[in-house]
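Residue strings, one per chain:
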Amino acid sequence: MKLLTKNLTFKPENEFYLNDVSLEFEAGRLYTILGRTLSGKTSFLKTIAGLQPVDEGEIIFEDKDFNSIPVWERNVAMVYQQFINYPHLNVYENIAFPLKQRKMNIDDIKHEVAVAISQVGLEGFEERKIQELSGGQQQRVALARSLAKKAKILLLDEPLVNLDYKLREDLREVFKNLFNSDLSTDSILIYASTDPQEAMQLNGDIIVIDEGRVLQTGSAKEVFENPASIKVAEITNDPAMNILPGSIEDKEIVFNQDFKLTIPTHLNHLESGEYFFGVRATDLNLDDSGFNFIVDISEISGSETFLHMHQDELKVVLMIEEVRNFNLDDQVKINLDLNRLYVFDVNGDLIFSPYRGN
């Protein structure tokens, strides 16, 4: 069972929401569409669901032209970031609603609802009214209703974005278990997210999208370790990968007159010239023998500290795996792990990755 999109284009008022999108999806695999806000993720999901037209291109599902099939006949379920439930119905009735619309017999409905409730961990909540549930529980109801439909295509549009940290962690585990269940062998699962950490944790195939155009596809590991371009490197890291303009001159990497590094042996093959060098926040470190930078912002997040710094025109973010206090305009010395340095050409395309070489 395959879902294919061929050259999908949607550009209302000449603004591209989708730009020549060609992709292939297979049953039994999880696909995460990763992109920033307004990158085209929701537009793509709505197109598959039949909720949004396209100007050009085809959607083929099980060798049939999906564009010619009306919304109500597509075997598609969609869970939105703004979860939608029926407030006048209890949990059981909410989940059973689409099954009753299909006029299934009562015993089959009871069975399917029970399975869906078990999958999302809502046992014992069947008689609760929606307004009596927490935000996370309401999102589970919306998910269970979609699961009960046994749709062949399940679309999840940033389903955790409006929940607090603890609920996101809990529901992410629900999704991971769901994607490893029997359901995943019979369905195509497409999950949209702005969060690169979430995309990596789900560990499926990743589709990186920006301004309606697909930038890279591959396994989570491949895309994270070998981003095809600067744009992909920025989108797949949080905080975004530090990108530093520099040059190779006389066996040195030169960022400016005060920041020069002896070129490591594994980069000796690069010719002299201009490049962009990429380094993750986790691969920068405080080092008394390093280079002077000035603190712009010190941001504590959980048990980690993020330092936003500059040296002349260079700006970087460094992550420390502990809580540390810094003040505005503090001077610190930093260094970087040359074994984790990426190299991009002047067009922003990957030349060298520390995980696979050039």
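Here, every reference points to the structure presented above.
Residues numbered from 1 in each chain as written. Predicted model: local features only at pLDDT ≥ 70, side-chain atom pairs only at ≥ 80, totals over all residues. Heavy atoms only, no water.

1. Section: the packing of aromatic side chains
- Evaluated as defined, the whole model comprises 11 aromatic pairs.
- Both rings, one in tyrosine 86 and one in phenylalanine 97, keep their centres 4.7 Å apart while their planes meet at 45 degrees; by these two values the pair is tilted. Of this pair, tyrosine 86 sits in the loop between β6 (76–79) and α2 (91–101) while phenylalanine 97 sits in helix α2, and the two are 11 residues apart along the sequence.
- Seen in terms of ring centroids, phenylalanine 259 and phenylalanine 291 are 4.4 Å apart; in terms of plane orientation they differ by 40 degrees. Their pairing is tilted. Placement of phenylalanine 259 in strand β13 (residues 259–262) and of phenylalanine 291 in strand β15 (residues 284–301) is noted, with a sequence separation of 32 residues between them. Phenylalanine 291 matches phenylalanine 259 in its accessibility class, with the two residues each being buried.
- Aromatic rings pair up to connect Phe255, Phe259, Tyr275, Phe277, Phe291 and Phe293 into one cluster.
- Arginine 74 extends its terminal NZ or CZ atom over the ring of phenylalanine 66, reaching a point 4.7 Å from the ring centre.
- We note arginine 280 situated over the ring of phenylalanine 224; from NZ or CZ to the ring centre the distance is 3.8 Å. (Phe/Tyr/Trp six-rings, centres within 6.5 Å; stacked < 30°, edge-to-face > 60°. Helix = DSSP H or I, 4+ residues; strand = E, 2+ residues; numbered from the N terminus. Buried < 20%, exposed > 50% of the residue type's maximum accessible area, 1.4 Å probe, protein only. Lys NZ or Arg CZ within 6 Å of the ring centre and 35° of its normal.)

2. Some thoughts on the sheet that holds strand β2 (residues 18–26)
- Judged by pairing direction, the sheet is antiparallel, and its four strands sit side by side in the order β2-β1-β4-β5 without closing on themselves. Two strands in the sheet have a free side with no partner beyond their single neighbour: β2 and β5 (64–65).
- Examined bridge by bridge, strand β4 (residues 56–61) and β5 share two bridges and lie antiparallel to one another. For isoleucine 60, the partnering residue across the bridge sits in β5 and is aspartate 65.
- Helix-sheet contacts for helix α1 (residues 41–49) involve β1 (2–10), β2 and β4, and the interaxial angle to β2 is about 60 degrees. (Pairing = 2+ DSSP bridges. Contact = heavy atoms within 4.5 Å. Axes fitted to C-alpha atoms, helices over the stretch in contact; angles between N-to-C directions.)

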